[in-house]
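# Examining the three-dimensional arrangement
So the chains spell out like this:
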Amino acid sequence: MDLNQLTQRDETCWEIPPHGKMRVPAVIYADAPLLQDMDQKVFEQLSNVATLPGIVEAAYAMPDAHWGYGFPIGGVAAFDPEQGGVISAGGVGFDISCGVRTIHTGLTIADIQPQKPQLAEALFRYIPAGLGSTGRLHLNHHDMHAMLHGGAQWAVEQGFGVAEDLERIEEHGRMAGAEARNVSARAKERQKDEMGTLGSGNHYLEVQRVAEIFAPEIADVFGLKTDAIVISTHCGSRGLGHQIGTEFLKQMALTAPRYNISLPDRELACAPLDSPLGKEYLGAMRAGINCALANRQILTHLTRQAVATIFPDLNMPLLYDVSHNTCKLERHTINGQAKDLFIHRKGATRAFGPGHPSLPEVFRQVGQPVLIGGSMGTSSYILCGSAASEQRAFSSACHGAGRAMSRHQASKHWQGKTLVEQLASQGIIIRSRSMRGVAEEAPKAYKDVGAVVDLADRAGLARKVARLEPLICIKG
Amino acid sequence: MPWEHFEHAADIGIRGIDATLSQAFAQAAIAMTAVITDPGRVAATHSFAIHCSAEDNEILFLDWINELVYAMAVHKLLFNHYQVDIIENRLSAVAFGEPLDRQKHQPAVEIKGATFTELFVGQRPDGLWIAQCIVDV
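Within each chain, residues carry numbers counting from 1 in the order of the written sequence. Just so you know, chain letters begin at A and ligand numbers begin at 1, following the order they were written in. The predicted origin of the model limits local features to residues at a pLDDT of at least 70 and limits the giving and counting of side-chain atom pairs to 80 or more, whereas totals for whole chains, interfaces and linings rest on all residues. As a rule here, side-chain values cover all heavy atoms of the structure and leave hydrogens and water aside.

### Focus: the overall build of chain B
Applied cut-off: Numbering of helices and strands runs from the N terminus; a helix is a DSSP stretch of H or I covering at least four residues, while a strand is a stretch of E covering at least two. Within these notes, the globule rule equals 2.2 Å times the number of residues to the 0.38 power, and the radius of gyration is based on C-alpha atoms. Two residues qualify as a contact provided that any one of their heavy atoms is within 4.5 Å of a heavy atom in the partner residue.
Check the secondary structure of chain B and you find three helices and eight strands. The order of helices and strands in chain B, counted from the N terminus, is β-β-α-β-α-β-β-α-β-β-β. Radius of gyration (C-alpha) of chain B: 14 Å, near the 14 Å computed for a compact globule of 137 residues. The dimensions of chain B, computed from C-alpha atoms along their principal axes, are 45 × 35 × 25 Å. Long-range pairs, those at least 24 residues apart, make up 63% of the contacts in chain B with a sequence separation of at least 6.

This is the structure we're talking about:
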């Protein structure tokens, strides 16, 4: 990105002043090196987001921002329903509520080191991963509706996990306001065999060692100690979410003129929050969130079963589950006044600070865990929401590193088999059914997640708590 | 080759280039298969009919690719070639392929949907038709 187009607000914050049809400025949290590596498309897309009706304060980009669809990935925007605000299928994306959850194991590196290959094998056997994989659960119409309204709460009722898990999931495991009837028969058809599956692309399950602690007092609250083993899963709402995205994106793009919305890019497809289409999408999208929460809950159960084949009788409590790719109604303070706003986070994580009423009691003193995924060979990070984040970007933080290289380039640069061997020599076991899939997800095809996380910390978006190193990765 | 991939930071572009609109659509669909697996690994033992219509050629292309994504996902199929007929924004096609075999096809990635990004259907100055868009993977 060309820095000359930006005004620097402070060390970590840059502004695109309003130009053209922008209603508000656009703000990017980054430093000069991160900005220089950022696609020029982020500038264009974020400026476009700032033209949408009812946008509040600014369109924001997180330090991992990159070229997305309509919204940049790493884009955050709030819309006021009282000011003609919109809800955008493009601003949520195709993988509704894709997110990360992390589970404690109670094990240490010393416990698992001798058993690593067996553990990798067990996880690979238990976790359905990659294109064409199906879950063991096949939902009929009634169960599908119950799942779409119940989310992880439904999954726990079906025996996947324990009630204590629900406390450690955003929305306590169930997104209210879901409308299963707004989800098409096709979307349900696409999902009926996919519950409890990981998916493909950048989705994974990873066994990780806590390698470094940055904030011991918060790590204590999160239950993290150096050399402890945790397991993180990155996946989303699978075929159901993809189909909801596909259908509503087209419908919103085609009907925008009817609502007098001028779309600078059809991927910004949106509808007024108070319109029938806006409300219909909101209900369907919330059902998509529940699908993702249920999916990650079932995967958690399978993970526990897999680990139990090697380490029986472990207690494996959930640390937390966070979603990206959502639009949520939240109360935020604008110019000293509390307002109910619809916050789009496209490839961004919620990062509520200390004292937020929606947080479970255990985290309320310190803030929400923010789980930042790595990419097979690179570190992942756990951060904590900060009080400053509310003023910086409606309590939002980054979600990962962001791609530095296209899939096409990556598959030309690396061979999957060689990568798997190289990572094995570093003590990281990769299990995948597709070597081309591994090549496309090569760790160096992503930006430096450490630099992104440092910036998020310096910018006050979230506070660094711990760094995790990968030991086993089941690739989707 | 009458189909190709093109660059996108996170995902991948599919493009068909051929003498007619219908053939460009068919070639772009092979490019889509090639995102998932080598089309040469797929045999044509099954056929699958697809029909759609739309207000313009670009939306029709989006619908065509999304119909294929849906058919592949629900019926667990992979396609290696396509017979496409387009008359006045109405598409009738047959996709030829076989059931997905994870050992044989080694699928790299699943396609979530076709997007409006880089969506273009039109004729080049040399008369060849292009049909393209980015697919989200």
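### Looking at the sheet that holds strand E13 (residues 337-346) of chain A
Residue and element names in this part refer to chain A. The cut-off we apply is this: Two strands pair if DSSP finds at least two bridges between them. The axes used here are C-alpha line fits, helices contributing only the stretch in contact, and every angle between their N-to-C directions lies in the interval 0 to 180 degrees.
Taken in spatial order, the seven strands of this open sheet run E1-E2-E3-E4-E5-E13-E12, and their pairing is mixed. Only two strands of the sheet have a single neighbouring strand rather than two, namely strand E1 (7-10) and strand E12 (326-334). Each neighbouring strand pair of the sheet contributes to a mean axis angle of 30 degrees, computed without reference to strand direction. Here strand E5 (residues 71-79) runs beside E13; their pairing, made up of five bridges, is antiparallel.

### A look at the interface of chain A and chain B
Heads up, the rule is: Summed over both partners, the accessible area (1.4 Å probe) lost when two parts come together is defined as the buried area. One side-chain nitrogen of Lys or Arg within 4 Å of one carboxyl oxygen of Asp or Glu is enough to make a salt bridge. Distance and chemistry together define a polar contact, namely a pair of N or O atoms within 3.5 Å, with one atom able to donate a hydrogen and the other to accept it when in protein, and with adjacent residues in sequence counting only for side-chain atoms on both sides. In the scheme used here, Gly and all other residues not listed as nonpolar or charged are polar, with Ala, Val, Leu, Ile, Met, Phe, Trp, Tyr, Cys and Pro taken as nonpolar and Asp, Glu, Lys and Arg as charged.
Listed per partner, the contact involves 43 residues of chain A and 42 residues of chain B. A combined buried area of about 3,800 Å² lies between chain A and chain B, and 54% of that area is made up of carbon and sulfur atoms. Applying the counting criterion to the chain A and chain B interface returns five salt bridges. Put simply, B:Glu67 and A:Arg186 hold a salt bridge, and the shortest N to O gap is 3.0 Å. For the interface between chain A and chain B, the tally reads 17 residue pairs in polar contact (both at pLDDT 80 or more). No other element matches the eight residues that helix H10 (residues 238-255) of chain A contributes to the side of chain A that touches chain B. Here the residues of the side of chain A that touches chain B are counted per class, giving nine nonpolar, 18 polar and 16 charged.

### Description of the sheet that holds strand E4 (residues 77-87) of chain B
Residue and element names in this part refer to chain B. Taken in spatial order, the three strands make up an open sheet running E3-E5-E4, and their pairing is antiparallel. Only two strands of the sheet have a single neighbouring strand rather than two, namely strand E3 (46-53) and E4. The mean inter-strand angle of the sheet, taken between neighbouring strand axes irrespective of direction, is 20 degrees. Strands in contact with helix H1 (residues 21-36) are E4 and strand E5 (90-99); relative to E4, the strand with the most contacts, it is inclined by about 165 degrees.

### Points about the packing of aromatic side chains
Using the following cut-off: When two rings of Phe, Tyr or Trp (its six-membered ring) have centres within 6.5 Å they constitute a pair, described as stacked for plane angles under 30 degrees, edge-to-face for angles over 60, and tilted for the intermediate range. For a lysine, the NZ atom is tested; for an arginine, the CZ atom; a charge sits over a ring if that atom is within 6 Å of the ring centre and within 35 degrees of the ring normal.
Scanning all chains against the criterion turns up eleven aromatic pairs over all chains. Judged by centre distance (5.1 Å) and plane angle (75 degrees), the ring pair of B:Phe25 and B:Phe61 falls under edge-to-face. Residue B:Phe25 is located in helix H1, and its partner B:Phe61 is located in helix H2 (residues 57-75); the two are separated by 36 residues in the primary sequence. Chaining the aromatic ring pairs together yields one cluster made of B:Phe48, B:Trp64, B:Phe79 and B:Tyr82. The ring of B:Tyr70 carries A:Arg186 above its face, with NZ or CZ at 4.0 Å from the centroid. The ring centre of A:Phe124 lies 4.5 Å from the NZ or CZ of A:Arg433, which sits over that ring.

### Let's talk about the pairing of E12(A)
Residues and elements named next belong to chain A. Relative to E13, E12 runs antiparallel, the two sharing nine bridges. The partner of Cys 327 across the bridge, within E13, is His 344. Between E12 and the antiparallel strand that follows it, E13, lie two residues; Asn 335 among them carries a positive phi value of about 50 degrees.

### Observations concerning the confidence of the model for chain B
Formally: Confidence of the predictor in every single residue is expressed as pLDDT, which spans 0 to 100.
On average, chain B scores 95 in pLDDT, and the residues at 70 or more come to 100%. Overall fold confidence for the complex sits at a pTM of 0.97, while the interface term, ipTM, reaches 0.94.

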